[in-house]
Every structure is written in C-alpha cells, then in structure tokens.
Amino acid sequence: MTPDPATPPGTSPFPEGGALLTFPKGLVGFPNLTLFNLFEPKDSYPLKFLQSTETREVSFVCVDPACVKKDYDVPLGEEEAQALHLESPKDALILTMVVIPEDPRKMTTNLAGPLVINVKTRIGFQIVLNADKFPLRFPIIVQD
Amino acid sequence: MLVITRKPEQSIVIGGEVEVIVLGITKDGVRLGIKAPRSVQVHRREVFEAIAEENRAATAAKGPIQDAAALLRATQVRKPHVR
C-alpha cells in the first residue's frame, strides 16, 4: 500500500483539542517550563505546536520524526526509561523540535534532542543524545 | 566552586560513585576519564548548549506554520511506521 502523503494517518494518541503534557525537568534551556499543550493547528500536519501553558509566548514547533526520517530510533538510557515508566514501546511518543527559517525549504529538525513522552501518563523528557551521531540540524525537505 | 589541583593518573570522586580521572595533559587539552554508573549521563556542555539553542530557534517560527507544513506534505512526508 502506498501511503498518501497528504492524508494524516489519523492515529494520533491525543484528542483534537490538544493534550496537556508534563515535562518534570522542563526542556533543555527552559528548565522552568514544565506544562505544555500539544496540538496540531488546522492544516498543519505533520507539524505540531508544543505551547507552554505557563508562559503564553513560548511555543515550540515539532514533528513526529518518523515522518522525516524513517530509521530514526532513540536509544533510551536506563535513567530515562525508568523516569518515563514505559511499559511498552507503543506507549512512547517521540517528537523532535523543528526550526523554520525565513525560507521554509531550509527547515531542519533536531535529532539530538528528541522529546520522549509516555502517552499513558502524559509525562515527557527531552533526551540529550550524542550530537556526533544525531544531527542537531537535520534538513527536513529533500532538495532535488 | 571547589578548585582542586590534580596530576595525571590522579582522580576525584563525586557522590561516591562517579570518578573523574586525569589521563593526560597536552598542549591541546586535558584528557579525562569518567567512571560512572550507566544511569548517570555524561555529556559535553556544548551539547546541552547546542540543544538549548535549537530549542530557542524552534520557538521563533516566522509566519504561519501552515505554509511550511504544506511544503513538507508536498515534498516528502512519509507515513510514520508502526513502532
């Protein structure tokens, strides 16, 4: 079956109005922001917003990295796996941050700092990976 | 800040389970060996700074993201595989 790129897969584990997520340790560089609403604005698939509910002006653009790099896997450390209380890999939602410059064709996503979220507990952490192996600025758009 | 002088092959122990050993000193830098339990993450500071910088940049979407999303859908969105 050929996937239709224009159609969202419709398997989002979260309701349309968004989901309230807790990042107990905050995000890297934003240690004090722990509560976020994750939602997908109209016509924005596959991009999503992670909106701080504590500081309204802070929201991050992110994406399911499976949409941009099929073979991306996050090597979870013991500490992180324990903190996330993941019972099954299916319970993990992975997102990566997206940087949209003025020319959106140069969009990149950060594969070295993925967000790993337990969809059951809605608790997440930003994981720090080896930046030698995982690019900080992975180009999303394949240039012909 | 605690400042300690160490010679090559000498070490310091942090919290009883992390050991930082000076392996060698050259004109280019100091080589350190770190012994820590697997549960303790060790990263160069620059990695954290780089990720913080990318996070900051991800907050600064210029204009509506719908345009970028449409571009993305048109060019190469792949269906997320089932994990």
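Bear in mind the structure is a predicted one, so any value in this text is a computation, not a measurement.

**With respect to unusual backbone geometry**
Thought 1: Residue A:P46 follows A:Y45 across a cis peptide bond; omega there is 5°.
Thought 2: Relative to the assigned elements, A:P46 resides in the loop between β2 (35-39) and β3 (47-52).
Thought 3: Here the phi dihedral of A:D43 falls at roughly 60°; this positive angle occurs in a residue that is not glycine.
Thought 4: In this structure, A:D43 sits in the loop between β2 and β3.
Thought 5: Residue B:E9 is not a glycine yet carries a positive backbone phi of 80°.
Thought 6: You can see B:E9 is positioned in the segment before β1 (11-14).

**Things to note about the interface of chain A and chain B**
Thought 1: Taken together, the contact pairs 55 residues of chain A with 34 residues of chain B.
Thought 2: Together chain A and chain B conceal approximately 4,100 Å² of surface at their shared face, both sides included; 64% is due to carbon and sulfur atoms.
Thought 3: Counting the surface chain A buries against chain B, the share from its top three residues, A:K70, A:I100 and A:V128, is 13%.
Thought 4: Counting every contact that joins chain A to chain B gives 1 salt bridge.

**Notes on the side chain of A:Q126**
Thought 1: Here A:Q126 is to be found in strand β8 (residues 123-126).
Thought 2: At a separation of 2.9 Å, a polar atom in the side chain of A:Q126 contacts the main-chain amide nitrogen of A:V28.
Thought 3: Within the structure, the side chain of A:Q126 is placed 2.8 Å from the side chain of B:N55, a separation counted as a polar contact.
Thought 4: Here A:Q126 is in contact with A:F23, A:L27, A:V28, A:M97, A:G113, A:P114, A:L115, B:I51 and B:N55, once residues within four sequence places are set aside.

Rules of the game
Residues numbered from 1 in each chain as written. Chains lettered and ligands numbered in written order. Predicted model: local features only at pLDDT ≥ 70, side-chain atom pairs only at ≥ 80, totals over all residues. Heavy atoms only, no water. Helix = DSSP H or I, 4+ residues; strand = E, 2+ residues; numbered from the N terminus. Contact = heavy atoms within 4.5 Å. Buried area = accessible area lost by both parts, 1.4 Å probe. Salt bridge = Lys/Arg side-chain N within 4 Å of Asp/Glu carboxyl O. Polar contact = N/O pair within 3.5 Å; in protein donor to acceptor, adjacent residues only side chain to side chain.

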